[in-house]
Amino acid sequence: MAPNVDPYDREITYLRVSVTDRCNLRCLYCKPVQDLKLLDRASILSYEEILKTIRAATGLGMKKIRLTGGEPLLRRNFVHFVESVCRIPEVEDVSVTTNGLLLEKMARPLFEAGVRRINISLDTLNPLKYTKITRREGFDAVWKGLQVAEAVGFSPIKVNIVAIRGLNDDELLQFAGLSVRKPYHIRFIEYMPIGRDSNWTPEKYISSDEIRSELETLGPLHKIPHSIHDGPAERYRFESAKGEIGFISPLSHHFCPSCNRLRLTADGKVRPCLFADDEVDIKTPLRNGCSQKDLREVFQQAIASKPRRHHAEILEKGEGLRSMSTIGG
Ligand code: SAM
């Protein structure tokens, strides 16, 4: 069996790397305003350690890297680090997930560093509601960042929306309209019970099927065939739209049979499944000066322990799971 194939015959080719747990937003489904527990700085992997880890992952056949956080653009010298990731010959694709607050200034440097695909999280098109959801000012900055990313040439630009009943479910059609006017991939993500700070309840959850039915009141959605960069998204397009609609349905249509990913947390743990806190420590071996072969063995251990499927449906309030901002989403 190839070293990056797990016991359920899934080939693991994708590593999501959280470079920091720090964030400049306090989204009410992700981070608390008070009693925020941040990782101690010394426990966060250095860029050198992350690069060494990514090299080991590519040695096993992982080719696709997503940089996330916390807010990755907040970490000092991030662009320089991105350049180093893009220079690793076996890495075929580097993408970034950001809240977009710092994108106006950083879109061009990131593009020049080699990134072409970017995901921007934006849960509302209403500036006041933006402040309610994120508990910070910033809608205009994100909107400008989005325009600059488009002008610089990022493609695709994916806009991630966590759909929450009673909060932004009145804007689903407006977001759908944005996919018609702009070349953006508007992606609705099901609200997940991840971490104690997610504030998830069954009443606030909206399934992708429900969102799709509402969108179809605008006109038929045409299915787009799956491509390798889609990950778990089901893709659709309205007639003559510039952009697309995507649905990411971890709860209603879990995509575990095609899961191809591992996660590296900011504090150096390899996480086989988003919805399970079983992790393999890679920081200790890294800090003990281990070889690339040793690091590959850590990854193989994580690959071997990927569960067949997640059990998010029993998590309810996310008891026991670490928060999304340390895992990286
Ligand atoms: N700061 C970056 C950003 O805002 O995109 C990257 C980190 S953030 C944790 C990554 C993604 O996780 C975001 O799109 C965010 O909306 C999503 N996320 C966080 N908590 C979530 C939850 N409980 N359910 C669904 N998505 C969540």
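Just above, that's the structure.
Residues numbered from 1 in each chain as written. Predicted model: local features only at pLDDT ≥ 70, side-chain atom pairs only at ≥ 80, totals over all residues. Heavy atoms only, no water.

This paragraph deals with the packing of helix α1 (residues 47-59) against helix α2 (residues 78-86). Contact pair α1 / α2: the axes reach a minimum separation of 11 Å and the direction vectors enclose 20°. If you check the angle between α1 and α2, you find them roughly parallel. The handedness of the crossing between α1 and α2 comes out as right-handed. Contacts from Y47, I50, L51 and I54 in α1 reach F78, F81, S84 and V85 in α2. The residue makeup of the contact of α1 with α2, split by class, is 7 nonpolar, 1 polar and no charged. (Axes fitted to C-alpha atoms, helices over the stretch in contact; angles between N-to-C directions. Helix = DSSP H or I, 4+ residues; strand = E, 2+ residues; numbered from the N terminus. Parallel < 35°, antiparallel > 145°, perpendicular 65-115°, else oblique. Left-handed = near helix turned anticlockwise from the far one by under 90°. Contact = heavy atoms within 4.5 Å. Nonpolar A, V, L, I, M, F, W, Y, C, P; charged D, E, K, R; others polar.)

With that out of the way, let us pick up α2. Along α2, the positions that sit buried rather than exposed are F78, V79, F81, V82, S84 and V85. Considering only its buried residues, α2 is in contact with α1, β2 (64-68), β3 (93-98) and α3 (103-113). (Buried < 20%, exposed > 50% of the residue type's maximum accessible area, 1.4 Å probe, protein only.)

A few words now on the site of the ligand. Contacts to the ligand come from 18 residues, most closely from Y29, G70, E71, S121 and M192. Take Y29: an N or O atom from its side chain is 3.0 Å from an oxygen atom of the ligand. A distance of 2.9 Å separates a nitrogen atom of the ligand from a polar atom in the backbone of M192. Compared with its free state, where it exposes 550 Å², the ligand has 94% of that area covered by protein. (Near = heavy atom within 4 Å. Polar contact = N/O pair within 3.5 Å; in protein donor to acceptor, adjacent residues only side chain to side chain. Areas by Shrake-Rupley, 256 points an atom, 1.4 Å probe, with all protein chains shown as cover.)

As a further point, take the pairing of β2. β2 sits mainly inside the fold: 5 of its 5 residues count as buried. Here β2 shows a buried face lined by K64, R66 and T68 and a second buried face lined by I65 and L67. When strand β1 (residues 14-18) meets β2, the two strands line up parallel, connected through 5 bridges. If you follow L15 over to β2, its bridge partner there is I65. Regarding topology, α1 serves as the crossover connection from β1 to the parallel β2, and that connection is right-handed. In the sheet, β2 pairs with β3 via 4 bridges, with the strands oriented parallel. Bridging from a neighbouring strand, L67 pairs with V96 of β3. Running through α2, the crossover from β2 to the neighbouring parallel element β3 is right-handed. (Pairing = 2+ DSSP bridges. Right-handed = clockwise from strand over helix to strand, strands pointing away.)

This part takes up the pattern of salt bridges. Inspection of every chain in the model, using the stated rule, returns 16 salt bridges. Here E171 ties to K129 by a salt bridge, and the two come within 2.8 Å at their closest N and O atoms. Of this pair, E171 sits in the loop between β5 (157-163) and α6 (172-181) while K129 sits in helix α4 (residues 127-134), and the two are 42 residues apart along the sequence. For K129, a relative accessible area of 13% gives the class buried. With a shortest N-O distance of 4.0 Å, E216 and R212 are connected by a salt bridge. A relative accessible area of 36% places E216 in the partly exposed class. A single network of salt bridges, built from pairs that share partners, joins K129, D170 and E171. (Salt bridge = Lys/Arg side-chain N within 4 Å of Asp/Glu carboxyl O.)

Before going further, it helps to spend a moment on helix α5 (residues 139-152). Its 14 residues place the ends of α5 20 Å apart at the C-alpha level, agreeing with the 20 Å of an ideal helix rising 1.5 Å per residue. Elements that come into contact with the buried residues of α5 comprise α3, β4 (117-121), α4, β5 and β6 (184-190). (Expected span 1.5 Å × (residues − 1).)

Let us look at the state of the cysteines. Going through the model one piece at a time under the given rule, you end up with 0 disulfides. Sulfur of C30: no disulfide; nearest cysteine sulfur belongs to C27 and is 6.2 Å away. C256 supplies the cysteine sulfur nearest to C273, a cysteine that is in no disulfide, at a spacing of 6.2 Å. (Disulfide = S-S within 2.5 Å.)

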